[in-house]
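Coordinate analysis (summary)
The residues making up each chain are set out below.
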Amino acid sequence: MNVHLQPISFRKYSLILIYSLLAMAMIAWCMEIYFEKLYGDLTRIGNFPERSFGWQSPQPAVLPENFKDYPLAEADILVIGDSFSVSRVWQSKLIADGLKVGTMTWQELKTDEALRADLGEALRAAGFKGRYVIIESIERLFQGRMKALSNSREPIVKHELILNSNFPMYPLVKRERVSFNKLNGADWGVKALYNNIKLSLNLPEKHLKSGAVQAVKFDGCQVFSHRLCDYAIFVDGDFKKNTFNSIDNVLTVNKSLQTAGIQPIWLVVPDKSTVYLGYGKLNKHPYQNIWQKLAEYPEIIAPDIGTPFIQQSHLIKDFYMPNDTHLSTNGFLYLGDFMSKGLHKLQANQPNPFSQ
């Protein structure tokens, strides 16, 4: 029996193509609505749904006038920091308490070998007349920065720009669930759908890594507000830290600043994994507690914020953002209060100014 297939007419072919494209567009738009607008670095680079990991607890507002940044010549405190300082949220507490604060980023040091060669002398030559320099770094990048800071020929940091440092100057009070002004994209949506399915299957953690982000099974509903609080997500650099062995580099920079009449304060911000999982958990290399090591040297002022951060993470929900590697606004403001109280004690020559 011969079957003669009739060719599809151009009109039918066009209608099939149009309806197929419309269906694909509708699916993509539905994913935009369901997975919600992207806010977090970890959800963005790891393709994890904001609907599952976006924070839901409202955050406090910060007065715009407290974001003032003083020029180097006017500042009595200079902050050299990374994306934890670029938004100037924690510094707003210092400004509110009457301190004149200027902020310089590690990226600025990256392109200025003179600053890195002799930091104390270079800051004085650049016009800094203040008494204190706060050197801030996230824990996982501290060692690399210290080696670079005491050696102008070494790259300042590797892999830093994996995360987005373009924070809004005024932090968000609450998240907007849906926005079509800046779409997540169908490619991101498909990967997010795939990750959502994996999370629902209760797979071992080795199968939950996505890009540069690691999902970890975590009983976190008391400390995070996101929907899928049985899991927490972390940048995988948290688990690849080399054992800290750069104390000599810290001492070199410390001496350079003190020789120029500047008192350095070493502000090492704990990795999100350190706060929520514990010191060195899941790390591939033997772990060295940086704060304990710095405390062995009386000439170094280095607040041990690991201990209070762990305590506060159980008192303040979303102390770190569940969808991000950074602190929440509440977390930043706690850090600002902590540093402001310590600085006032330091200026009054009180012993152990940053102890609780």
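Details of the structure are given in the entry above.
Now for a description of the structure that goes with this document. (Residues numbered from 1 in each chain as written. Predicted model: local features only at pLDDT ≥ 70, side-chain atom pairs only at ≥ 80, totals over all residues. Heavy atoms only, no water.)

1. Thoughts on the overall build of the chain
Within the chain one finds 15 helices and seven strands. Within the chain, buried positions represent 50% of all 356 residues. Put simply, of all contacts in the chain between residues at least 6 apart along the chain, 75% involve residues at least 24 apart. By element, 56% of the accessible surface of the chain is carried by carbon and sulfur atoms, the whole surface being about 17600 Å². (Helix = DSSP H or I, 4+ residues; strand = E, 2+ residues; numbered from the N terminus. Buried < 20%, exposed > 50% of the residue type's maximum accessible area, 1.4 Å probe, protein only. Contact = heavy atoms within 4.5 Å. Areas by Shrake-Rupley, 256 points an atom, 1.4 Å probe, with all protein chains shown as cover.)

2. Brief notes about the state of the cysteines
Per the stated rule, a full pass over the model turns up one disulfide. Through a disulfide, Cys 221 is tied to Cys 229; the S-S separation comes to 1.9 Å. For the disulfide bridge between Cys 221 and Cys 229, the dihedral angle about the S-S bond is near 80°, and by the sign convention the bridge is right-handed. The partly exposed category is assigned to Cys 221, whose relative accessible area is 30%. (Disulfide = S-S within 2.5 Å.)

3. Observations concerning the pattern of salt bridges
What the rule picks out here adds up to ten salt bridges. A salt bridge links Asp 337 to Lys 93; the nearest nitrogen and oxygen atoms lie 3.6 Å apart. Highlighted residues: Asp 337 in helix α15 (residues 329–347) and Lys 93 in helix α5 (residues 91–96), separated in sequence by 244 residues. According to the relative accessible area criterion, Asp 337 is partly exposed, its value standing at 29%. Judged by its relative accessible area of 26%, Lys 93 is partly exposed. Where salt bridges share partners, they join Arg 140, Asp 238, Lys 241 and Asp 271 into one cluster. (Salt bridge = Lys/Arg side-chain N within 4 Å of Asp/Glu carboxyl O.)

4. Some thoughts on the sheet that holds strand β7 (residues 263–269)
Strands belonging to one sheet form pairs held by backbone hydrogen bonds; the direction of such a pair is parallel or antiparallel. Strands sit in the order β2-β1-β3-β7 across an open sheet of four strands; the sheet is parallel. Of all strands in the sheet, those bounded by a partner on one side alone are β2 (101–105) and β7. On average, each strand axis in the sheet is inclined to that of its neighbour by 20°, with strand direction left out of account. Looking at chain direction, strand β1 (residues 77–81) and strand β3 (residues 132–138) are connected through four bridges and run parallel. Residue pairing across strands places Val 79 opposite Ile 134, the latter belonging to β3. Across the sheet, helix α9 (residues 139–149) is in contact with β3 and β7; its angle to β3 comes to roughly 120°. (Pairing = 2+ DSSP bridges. Axes fitted to C-alpha atoms, helices over the stretch in contact; angles between N-to-C directions.)

5. As for α9
Burial within α9 is extensive, with nine of its eleven residues counted as buried. Listing the buried residues of α9 in full gives Glu 139, Arg 140, Leu 141, Phe 142, Gln 143, Arg 145, Met 146, Ala 148 and Leu 149.

6. Quick word on the packing of α9 against helix α11 (residues 247–259)
Interhelical geometry of α9 versus α11 gives an angle of 50° and a closest axis separation of 8 Å. Overall, the two elements α9 and α11 adopt an arrangement that is oblique. Taken as a pair, α9 and α11 cross one another with a handedness that is left-handed. On α11, the residues that touch Phe 142, Met 146, Lys 147 and Leu 149 of α9 are Asn 249, Val 250 and Val 253. Taken together, the residues that form the contact of α9 with α11 break down as five nonpolar, one polar and one charged. (Parallel < 35°, antiparallel > 145°, perpendicular 65-115°, else oblique. Left-handed = near helix turned anticlockwise from the far one by under 90°. Nonpolar A, V, L, I, M, F, W, Y, C, P; charged D, E, K, R; others polar.)

What is shown is where atoms sit, not what they do.
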